[in-house]
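Structural description and commentary
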Amino acid sequence: MQATHSLKPGIEPALELIERVMRDGRPLADECPLVFREEFEGRVLQLADGERVHATLAILPRTLVTVRGPVRVAMIGSVCTDPASRERGLATQLLAAAEKAAADMGCMATLLWSDEPAFYVRRGYRTIGTEVDIALPKNLIGRLPVTQARAYRSADAAALHELYQQHPVRCERTLEEMQALLECPGMELVVAERDGVPVAYAARGRGEDLTHYIHEWAGSADEVLGLMRHLAESWYQSAASHENNLMTLSPDQPLDVTQRLCDLGFPSARGFLGLAKLLDARGARNLLASAAGQDGKTLATLTPRDLLDCLFPPKSESQTALEASRWLGCEPEALPCFGFTWGLDSI
């Protein structure tokens, strides 16, 4: 029997709008438990007239664990306006409200993903960060090792949480958050174990998103690669695979799994992590100054755009960071945070 969970009070009209406009009526709440469930800190902002919701969005404060220390951000998602209420600037109003809420929660920046980036770019957002996308073509998966895989069980949550926390870049998650995310529908989640103890896991798909991506993995490199082979073999037996190669998502960091995939000849490319807007320029300057061994006042001339370029250089390439490192007297690699969000973190 599947457990039921309480939704945040008063969000049903907003959730109905999102599901009707963006999902053709298909349910969303179980795919984003940290936003919609009562016990977690996500919020749903809405513009309403009586009981009618005209526009809504979701906001989720998170702490990024980066190579320069923790960075508090707010993720924004499910930005939705009723078709009958469009062309009134409601999404812009909501976005501004979300940015104020994020600043009030101590967030340095807002972070989002969008298939229509132009709307956000006009409102001060820019591409930031890096992810490494590695293709697992059907003709190459025989290069991966074989490992025994089984489906995830709820009793695995604590062990998988410990494995996840070994990643040097990630979002902080409590065990309760991790357990809720591991139960997201539409996900193929497999585990490898030794002597009855999970030593690796890998996940493909999540609801209607990330269908052809292994978007999260952790643990022993041999077993992770074997789980990737298992998921790839399963993927290429499905009808959905006819249009897409299976892909993996990874941070732009020297991780054993990523390096071994590249060494085995799997094609890779760098992509952007997402779109962001800086909310706390002073905090960003202080973080960069600390990395460079300088006083924050030395970075006073850097604009919010420059600060984002230094902290989260798009595709790990930033002329701004290179120039800033020269006059700060440090190596360019000393400035970036190299933050990353795994697939289960998206909203």
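Relevant structure appears above.
Reference entry: report on the structure contained in this document. Nothing here was measured: the structure is a model prediction, and the numbers come from that model.

Cut-offs and rules
Residues numbered from 1 in each chain as written. Predicted model: local features only at pLDDT ≥ 70, side-chain atom pairs only at ≥ 80, totals over all residues. Heavy atoms only, no water. Axes fitted to C-alpha atoms, helices over the stretch in contact; angles between N-to-C directions. Helix = DSSP H or I, 4+ residues; strand = E, 2+ residues; numbered from the N terminus. Parallel < 35°, antiparallel > 145°, perpendicular 65-115°, else oblique. Contact = heavy atoms within 4.5 Å. Nonpolar A, V, L, I, M, F, W, Y, C, P; charged D, E, K, R; others polar. Pairing = 2+ DSSP bridges. Left-handed = near helix turned anticlockwise from the far one by under 90°. Phe/Tyr/Trp six-rings, centres within 6.5 Å; stacked < 30°, edge-to-face > 60°. Buried < 20%, exposed > 50% of the residue type's maximum accessible area, 1.4 Å probe, protein only. Lys NZ or Arg CZ within 6 Å of the ring centre and 35° of its normal.

This part covers the packing of helix H5 (residues 157-164) against helix H6 (residues 175-182). One can describe the packing of H5 onto H6 by two numbers: an axis separation of 9 Å at closest approach and a directional angle of 105°. Looking at the two axes, H5 sits roughly perpendicular to H6. Contacts between H5 and H6 involve Ala157, Ala158, Leu160, His161 and Tyr164 from the first element and Leu175, Met178, Gln179 and Leu182 from the second. Within the contact of H5 with H6, the residues separate by chemical class into 7 nonpolar, 2 polar and no charged.

This paragraph deals with the sheet that holds strand S11 (residues 209-219). If you trace the 7 strands from one edge of the open sheet to the other, you get S7-S9-S10-S11-S12-S6-S13, paired in mixed fashion. Among the strands making up the open sheet, the edge pair consists of strand S7 (150-151) and strand S13 (268-271). Of the pairings in the sheet, the one linking S11 to strand S12 (residues 246-251) comprises 2 bridges and is parallel in character. Residue pairing in the sheet places Ile214 in a bridge with Thr248 of S12. Packed on one face of the sheet, helix H7 (residues 221-236) meets strand S6 (131-136), strand S9 (188-194), strand S10 (197-206), S11 and S12 and runs near 35° to S10. Lying on the sheet, helix H8 (residues 256-263) is in contact with S6, S11, S12 and S13; it crosses S6 at an angle near 45°.

Further remarks concern the packing of H7 against H8. Running from amino to carboxyl end, H7 crosses H8 at an angle of 60°, the nearest separation of the two axes being 9 Å. In terms of axis orientation, H7 runs oblique to H8. For the pair H7 and H8, the sense of crossing is right-handed. Facing H7, whose interface residues are Ala221, Asp222, Val224, Leu225 and Met228, H8 presents Asp256, Val257, Arg260 and Leu261. Counted by class, the contact of H7 with H8 contains 6 nonpolar, no polar and 3 charged residues.

For the structure on display, the rule yields 4 aromatic pairs. For the ring pair Phe119 and Tyr120, a centre distance of 4.9 Å and an interplane angle of 85° mean the geometry is edge-to-face. Each member of the pair Phe119 and Tyr120 is classed as buried. An aromatic cluster of at least three residues, connected via ring pairs, comprises Phe119, Tyr120 and Tyr125. Here the guanidinium or amino end of Lys315 rests over the ring plane of Phe272, the centre of that ring lying 4.8 Å away.

Further remarks concern the pairing of strand S14 (residues 274-278). Across the 5 residues that make up S14, a large majority, 4, are buried. Judged from the 4 bridges that link them, strand S4 (residues 109-112) and S14 form a sheet pairing that is antiparallel. Looking at the pairing, Ala109 lines up with Leu278 of S14. Summarising the sheet, strand S5 (residues 126-128) and S14 pair through 3 bridges and their orientation is antiparallel. Paired with Thr127 across the strands is Leu275, a residue of S14.

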